[in-house]
Amino acid sequence: MSSVAAHYALLSKRSLVNTIRQPIAIIPSLMFPLIFLALNSAALAESINLPGFPAVDSFLQFMIATTIIQGGLFGSIAAGADMATDIEGGFFDRLIATPVSRTSILVGRVAGAFTLAFFQAFLFFGIAMLFGLTVDGGFLGMLGVALISATAGAGFASFSVAIGIKSGSAEVVQGSFPLIFTLMFLSSAFFPRTLMSGWFQDAATINPLSHMIESARSLVISGWDVAEFLYGLSIAAGLLVIGIVISLLALRARLADKA
Amino acid sequence: MSALNVTWGITARSLMLIPRFPSTFFPSLIMPLFFLVAFAGAFSAFVDLPGFPADSMLDWVLPMSTLQGCAFAGITTGMAVARDLENGFFDRFIMSPAPRGALLAGPLLASVLRAMFPLVLLPVVGIAAGVNFHEGVFTVIPLAIAGLGIALVAGMWAVGLALRARSQQAAPLMQMALFLSFFLSTAQMPLHLLTGWVHAIARFNPMTNILELARQGFLGDITWATTWPGLVSLAGMAAVLGIFAARGLRKIVP
């Protein structure tokens, strides 16, 4: 393994271990989406009978893709918060004093978020299946949802890391949590776009989260479709590329300040 | 120093903290507005469900959002008490000859007064958005009773928890209980459209009666039959959570 590849692998592993060792940091990304899923599946069960609602077995089937992506996005906050903690605690300064590849500092964090979101998706699928979830896309569909969620989680993690690098404050990074919450609500995460109206429908239509969630959802409720998967994945990948560029700029600015 | 003077002094201090720490107060204004927009927008098609009791989702959501704002007012007061406990300011209260009951009554009165902000803001937004006020100006009377009551019981819960935890880290627990009490009731759907375990809990959740009390003027006539269960539920919650808060204070001031 080349030294650069080793830096990437080591820092990714450190990021993942760092997150797993702090259960308190994982709880929001695990518990909140599951609570939303449990509440909405029972409370909104009757709404699937509305004319125009997509053909689904249950609200649980409609909602599971949202829950998985929501878990990925909530988990992404930890990447930025941990980066800020490294800056606050001085570890970041020690890291840049070494000949470690600069981009591996970022990629390590983002890869950690990707891995966590990927495995979390299967955990959520498993829990939902205990309550009667069926996935029309089968294992391939579940893999597709997990990849879209993990890429979206990595994308949001890169934005979160950029905030962490820029602010150097874990509190500021945590403050971005309501933003994710708002983006989720102003999308088709909780209800079909076709049953919305007016400006809210317009807002949900221009929100990339809607398209990503709808693609992932179709793999669950309509079966495997490579075009749908690639559509959802490309939006998530686009967010990831933009996020990486922004976090690289933030890193460059911080390194320039140190120079 | 009379108990009333001390209570008012502590209340006034709590209210003065609003401009000094606006970030701790804004959630009680921003969150209900956000819920109003998000729920009315995302779930606007609910009104087409058979038996849904509202003509517009705004009529259904506005009272719920207002009560959430009022409850947040109580929670933020509890968080202010937790901050006082954390930084030692509350110790000065304890060492003073202030009547002990006033140490509780002050923050609770502040909760109720803070709730006036969402109680005024949300109906004004509702008028601008075209919400139906079936009983004219009287529509807001049950809403105000429910809102002030919820602010009081949420304050009792949050202050009681703050007195036990003595740390602002109790804030997520304060908020989570509030969140669950609303969403395990008829916050989103009327009782007859709820199913399974949520229906079973919502039937006995006092918040269901309190929401019906607040909503009645927005959905139709105001009646005693819809009013009294809400009042009884508020009284019951106030009795239980009042004891919870008083015992919390007794743990600090035996």
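Residues numbered from 1 in each chain as written. Chains lettered and ligands numbered in written order. Predicted model: local features only at pLDDT ≥ 70, side-chain atom pairs only at ≥ 80, totals over all residues.

Draft legend 1. Structural context of the overall build of chain A. When helices and strands are counted, chain A shows 11 helices and 0 strands. Computed over the C-alpha atoms, the radius of gyration of chain A is 19 Å, within 12% of the 18 Å expected from 2.2 N^0.38 for a compact globule of 259 residues. Oriented by its inertia axes, the alpha-carbon framework of chain A measures out at about 60 × 40 × 35 Å. A buried classification covers 51% of the 259 residues belonging to chain A. Looking at chain A alone, contacts between residues at least 24 apart form 80% of all its contacts between residues at least 6 apart. (Helix = DSSP H or I, 4+ residues; strand = E, 2+ residues; numbered from the N terminus. Rg over C-alpha atoms; globule rule 2.2 N^0.38 Å. Buried ≥ 20, exposed ≤ 12 C-beta atoms within 10 Å, placed from the backbone. Contact = placed C-beta atoms within 7 Å.)

Draft legend 2. Quick peek at the overall build of chain B. Counting its regular elements, chain B contains 12 helices and 0 strands. Going residue by residue from the N terminus, the α and β elements of chain B occur as α-α-α-α-α-α-α-α-α-α-α-α. With 254 residues in all, chain B has 49% of them scored as buried. In chain B, once contacts between residues fewer than 6 apart in sequence are set aside, the share between residues at least 24 apart is 83%.

Draft legend 3. Highlighting the packing of helix α5 (residues 102-130) of chain A against helix α6 (residues 138-167) of chain A. Residues and elements named next belong to chain A. Contact pair α5 / α6: the axes reach a minimum separation of 7 Å and the direction vectors enclose 145 degrees. Regarding α5 and α6, the two cross each other, and that crossing is right-handed. Of the residues in α6, those touching α5 at Leu106, Arg109, Val110, Ala113, Phe114, Ala117, Phe118, Ala121, Phe122 and Phe125 are Met142, Val145, Ala146, Ser149, Ala150, Thr151, Gly153, Ala154, Ala157, Ser158 and Val161. (Axes fitted to C-alpha atoms, helices over the stretch in contact; angles between N-to-C directions. Left-handed = near helix turned anticlockwise from the far one by under 90°.)

Draft legend 4. Here's a closer look at the confidence of the model for chain A. Overall, the predicted model of chain A reaches an average pLDDT of 88, with 94% of residues at or above 70. By mean pLDDT, helix α1 (residues 3-20) of chain A is the weakest element of chain A at 72, and helix α10 (residues 208-221) of chain A is the strongest at 96. (pLDDT = per-residue confidence, 0-100.)

Draft legend 5. Up close: the interface of chain A and chain B. Taken together, the contacts link 17 residues of chain A with 19 residues of chain B. For the side of chain A that touches chain B, the secondary structure elements donating two or more residues are α2 (23-43) and α8 (177-185) of chain A. Looking at the side of chain A that touches chain B element by element, the count peaks at 3 residues for α2(A).

Draft legend 6. Focus on helix α11 (residues 206-219) of chain B. Residues and elements named next belong to chain B. Compared with an ideal rise of 1.5 Å per residue, which puts 14 residues at 20 Å, α11 spans 20 Å between its outermost C-alpha atoms and is within 8% of the ideal. Most of α11 is tucked away, with 12 of its 14 residues classed as buried. Here α11 has its buried residues at Met207, Thr208, Asn209, Ile210, Leu211, Glu212, Leu213, Ala214, Arg215, Gln216, Gly217 and Phe218. Of the surrounding elements, those touching the buried residues of α11 are α4 (57-87), α8 (140-165), α9 (171-183), α10 (196-204) and α12 (224-252). (Expected span 1.5 Å × (residues − 1).)

Draft legend 7. Molecular detail of helix α1 (residues 3-20) of chain B. Residue and element names in this part refer to chain B. With 18 residues, α1 extends 26 Å between its outermost C-alpha atoms, agreeing within 8% with the 26 Å of an ideal straight helix rising 1.5 Å per residue. Listed in full, the buried residues belonging to α1 are Val6, Thr7, Ile10, Thr11 and Ser14. Along the axis of α1, the buried residues cluster in a sector spanning 135 degrees; they form a single face. Within α1, the exposed residues directed more than 90 degrees away from the buried face are Leu4, Asn5, Met16, Pro19 and Arg20. Lining the buried residues of α1 we find α4 and α6 (100-114). (Arc of directions from axis to C-beta.)

Draft legend 8. Fine view of the environment of Leu231(B). Looking at the secondary structure, you find Leu231(B) in helix α12. C-alpha of Leu231(B) to C-alpha of Ala165(B): the two residues are 66 residues apart in sequence and 30 Å apart in space.

Draft legend 9. Geometry of the environment of Leu239(A). Residue and element names in this part refer to chain A. Topologically, Leu239 is positioned in helix α11 (residues 226-258). Using a count of 20 C-beta atoms within 10 Å as the deciding quantity, one classes Leu239 as buried. With 51 residues separating them in the primary sequence, Leu239 and Ser188 have C-alpha atoms 18 Å apart. Setting aside chain neighbours within four positions, we find Leu239 in contact with Ala152, Gly155 and Pro208.

Draft legend 10. Summary view of the packing of α8(B) against α9(B). Residues and elements named next belong to chain B. Interhelical geometry of α8 versus α9 gives an angle of 150 degrees and a closest axis separation of 10 Å. Relative to α9, the element α8 is oriented roughly antiparallel. Both α8 and α9 take part in a crossing whose hand is right-handed. Of the residues in α9, those in contact with Ala154, Trp157, Ala158 and Leu161 of α8 are Leu173, Met174, Ala177 and Leu178. (Parallel < 35°, antiparallel > 145°, perpendicular 65-115°, else oblique.)

Draft legend 11. Layout of the confidence of the model for chain B. All names here are of chain B. Averaged over all residues, the pLDDT of chain B equals 88, while 98% of them reach at least 70. No element of chain B has a lower mean pLDDT than helix α2 (residues 22-25), at 66, and none a higher one than α11, at 96. Listed scores for the predicted complex are pTM 0.82 and ipTM 0.75.

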